[in-house]
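# Analysis of the macromolecular model
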Amino acid sequence: MKKISLALICSDLLLALVIGGCTDLAVQNLDQPDRERAISTPQDVESVISGSFLTWWSGTQKDANYPALTLSTMADAHTSSWGNWGMQDLSSEPRVAFNNSSSYGYAGVCADTWYAMYRAISSASDGLAAIDKGIKITEGTGTAAKDVTARAKAFGKFVQGLAHAWLACFFDKAFIVD
């Protein structure tokens, strides 16, 4: 009796696995981001453009490698006796060549800045592209609604300019996104 029930359970399990393995598992991923859905409303566009400034600020002032502090020590505005964020290496005098190896312990001071600036540029550019496609941003509701699309467009261009300026501070070459 035990042999029959064990064999029956195993065969049922195998049959369920075979049938389950033959079904179509194509499922629409609603969490996968795409530009059209992410910035389809005026509020989304305004959020993306305004958020691009926080991305720029975080990448220049507070992210993991604090590039502003490194630049400040390089300019002798303040000193650092520690190696944090490459400050001691990059501010020593006479100047030494920058260690441009990806294995350099403080490579993030440049790499993180590079990526953060392009994240800010990308966000601002996505918002500006949506505005160019016809999205109008308004402030207020009803008949008192005021068109502030020009303000959002100017702010997006401002963030693009800030991010490109920081790229110019750090690198001799960068991609220009307009």
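These notes cover the structure that comes with them. (Residues numbered from 1 in each chain as written. Predicted model: local features only at pLDDT ≥ 70, side-chain atom pairs only at ≥ 80, totals over all residues. Heavy atoms only, no water.)

## Concerning the overall build of the protein chain
- In terms of regular secondary structure, the protein chain is built from 7 helices and 2 strands.
- Listing every helix and strand of the protein chain by position from the N terminus yields α-α-α-α-α-α-β-β-α.
- Here the C-alpha atoms of the protein chain give a radius of gyration of 27 Å, more than 25% beyond the 16 Å that 2.2 N^0.38 yields for 178 residues.
- A principal-axis box enclosing the C-alpha atoms of the protein chain has dimensions of 85 × 60 × 25 Å.
- The buried share of the protein chain, taken over its 178 residues, is 28%.
- In the protein chain, of all internal contacts separated by at least 6 residues, the share reaching a separation of at least 24 is 56%.
- Element-wise, carbon and sulfur atoms account for 61% of the exposed surface of the protein chain, whose accessible area totals about 12,000 Å². (Helix = DSSP H or I, 4+ residues; strand = E, 2+ residues; numbered from the N terminus. Rg over C-alpha atoms; globule rule 2.2 N^0.38 Å. Buried < 20%, exposed > 50% of the residue type's maximum accessible area, 1.4 Å probe, protein only. Contact = heavy atoms within 4.5 Å. Areas by Shrake-Rupley, 256 points an atom, 1.4 Å probe, with all protein chains shown as cover.)

## Brief notes about the pattern of salt bridges
- As enumerated under the stated definition, the model contains 4 salt bridges in all.
- Of the charged contacts, one joins Arg151 and Glu46 as a salt bridge, the two residues approaching to 3.2 Å between their closest N and O atoms. You can see Arg151 sitting in helix 7 (residues 149–170) and its partner Glu46 sitting in helix 3 (residues 42–62), a full 105 residues away along the chain.
- Classification of Arg151 by relative accessible area gives partly exposed; the value is 43%.
- The salt bridge involving Glu139 is made with Arg151; its shortest N-O contact spans 3.2 Å. Of the two residues, Glu139 sits in strand 1 (residues 138–139) while Arg151 sits in helix 7, which places them 12 residues apart along the sequence.
- Each of the salt bridges in this network shares a partner with another, and the network as a whole consists of Glu46, Glu139 and Arg151. (Salt bridge = Lys/Arg side-chain N within 4 Å of Asp/Glu carboxyl O.)

## Digging into the nonpolar core
- Counting residues in hydrophobic clusters, the biggest one holds 15 residues, and the most contacted among them are Trp56, Met117, Ala120, Ile121, Ala163, Trp166 and Leu167.
- Every element with two or more residues in this core is listed here: helix 6 (108–132) and helix 7.
- If you tally residues by element for this core, the top one is helix 6, at 8 residues.
- Counting residues in each nonpolar core, the second largest holds 9 residues, with Ile49, Ile135, Val148 and Ala152 among its members. (Core = buried A, V, L, I, M, F, W, Y, C linked by side-chain atoms within 4.5 Å.)

## Re the state of the cysteines
- Taken as a whole and judged by the stated rule, the model has 0 disulfides.
- Left unpaired, Cys110 is separated from the closest cysteine sulfur, that of Cys169, by 11 Å.
- When its relative accessible area of 14% is taken as the criterion, Cys110 is described as buried. (Disulfide = S-S within 2.5 Å.)

## Things to note about the side chain of Thr60
- Topologically, Thr60 is positioned in helix 3.
- Excluding residues that lie within four positions of it along the chain, Thr60 makes contacts with Pro67, Ala68, Met117 and Trp166.

## What about the side chain of His164?
- Counting through the fold element by element, His164 comes out in helix 7.
- Those residues in contact with His164, other than ones at most four positions away along the chain, are Ile121, Phe175, Ile176 and Val177.

## Here's the deal with the packing of aromatic side chains
- Applying the stated criterion across every chain yields a total of 11 aromatic pairs.
- Ring centres of Phe155 and Phe158 lie 5.9 Å apart, and the angle between their planes is 40°; this geometry places the pair in the tilted category. With Phe155 and Phe158 both in helix 7 and 3 residues apart, this pair spans about one turn of that helix.
- The class of Phe158 is partly exposed, set by a relative accessible area of 43%.
- A ring pair is formed by Trp166 and Phe170, whose centres lie 5.9 Å apart and whose planes are at 25°; its orientation type is stacked. You can see Trp166 and its partner Phe170 sitting in helix 7, 4 residues apart, about one turn around the helix.
- Relative accessible area serves as the criterion here: at 13%, Trp166 is assigned to the buried category. (Phe/Tyr/Trp six-rings, centres within 6.5 Å; stacked < 30°, edge-to-face > 60°.)

## Brief notes about unusual backbone geometry
- With omega at 0°, the peptide bond leading from Glu93 into Pro94 counts as cis.
- The backbone phi angle of Asp76 is positive, close to 60°, even though this residue is not glycine.
- Relative to the helices and strands, Asp76 is located in the loop between helix 4 (67–74) and helix 5 (87–91).
- A positive phi is found at Trp85, a non-glycine position, where the angle reads about 55°.

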